[in-house]
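A look at the structure
Take a look at the letters that make up each chain.
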Amino acid sequence: ILNVEQSPQSLHVQEGDSTNFTCSFPSSNFYALHWYRWETAKSPEALFVMTLNGDEKKKGRISATLNTKEGYSYLYIKGSQPEDSATYLCAFKWAGANNLFFGTGTRLTVIP
Amino acid sequence: EPEVTQTPSHQVTQMGQEVILRCVPISNHLYFYWYRQILGQKVEFLVSFYNNEISEKSEIFDDQFSVERPDGSNFTLKIRSTKLEDSAMYFCASSGGEGTYGYTFGSGTRLTVV
């Protein structure tokens, strides 16, 4: 089983603050790194799929970076809003399998 | 926006009973998956399905589990004889391609085995 770790496990920020969290994954046999946003009682929603070392992707106020050599990805949220409150999951795909290995998620709460 | 639909949203079953969890993936997707999350743990892979057959399965997916795509739209997960430890949220997902495509997940079926 491949180990994918996310930190912190949970985070509370004030509305308007910017924040970031980390996903670490094995650096060998890398294929892709996924980020999902999962609101309570809804389905996980794909944010980004990243494949190249040094990739940076952006969607509105959310962006992500990827370092495949050292095995980490950061997710950034600029100017957090209450609607950003959710669990953010990263998932690693390695070259030898057609399935994703998920981290435990970072639970973000944005306080109005 | 296209959705993956799962039914039922919640199922309670007696230990030893068979359950079938149903999913309708996105119609033009080619890859289908089942994942589960036991309360407090990571989301775990069960099985992937492509071209009408299982392409990969995890250690969890033993002889008690099976999947079918009987009519080209539904994608079902059957657990033949449920155990207490099968209690989890089961997610179906589909994607248009392998790994570099994001998955579209359903909202899950919460299975409780009593």
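Above this text you will find the structure in question.
Residues numbered from 1 in each chain as written. Chains lettered and ligands numbered in written order. Predicted model: local features only at pLDDT ≥ 70, side-chain atom pairs only at ≥ 80, totals over all residues. Heavy atoms only, no water.

1. Here's the deal with the pairing of strand β8 (residues 75-79) of chain B
Residues and elements named next belong to chain B. Most of β8 is tucked away, with four of its five residues classed as buried. In this sheet, β8 lies alongside strand β3 (residues 19-24) in antiparallel orientation, the contact comprising five bridges. Within β8, the position partnered with Cys23 by the bridge is Phe75. Alignment of strand β7 (residues 65-68) against β8, held across four bridges, turns out to be antiparallel. Bridge assignment links Glu68 to a residue of β8, and that residue is Thr76. (Buried < 20%, exposed > 50% of the residue type's maximum accessible area, 1.4 Å probe, protein only. Helix = DSSP H or I, 4+ residues; strand = E, 2+ residues; numbered from the N terminus. Pairing = 2+ DSSP bridges.)

2. Re the pattern of salt bridges
All names here are of chain A. Taken as a whole, this structure holds six salt bridges over all chains when the rule is applied. Between Glu39 and Arg37 there is a salt bridge; the shortest N-O distance is 3.0 Å. Notably, a salt bridge pairs Lys42 with Glu39, separated by 3.8 Å at the nearest N-O pair. Here Lys42 falls in the partly exposed class, since its relative accessible area comes to 46%. When its relative accessible area of 25% is taken as the criterion, Glu39 is described as partly exposed. Through salt bridges with shared partners, one network takes in Arg37, Glu39, Lys42 and Glu45. (Salt bridge = Lys/Arg side-chain N within 4 Å of Asp/Glu carboxyl O.)

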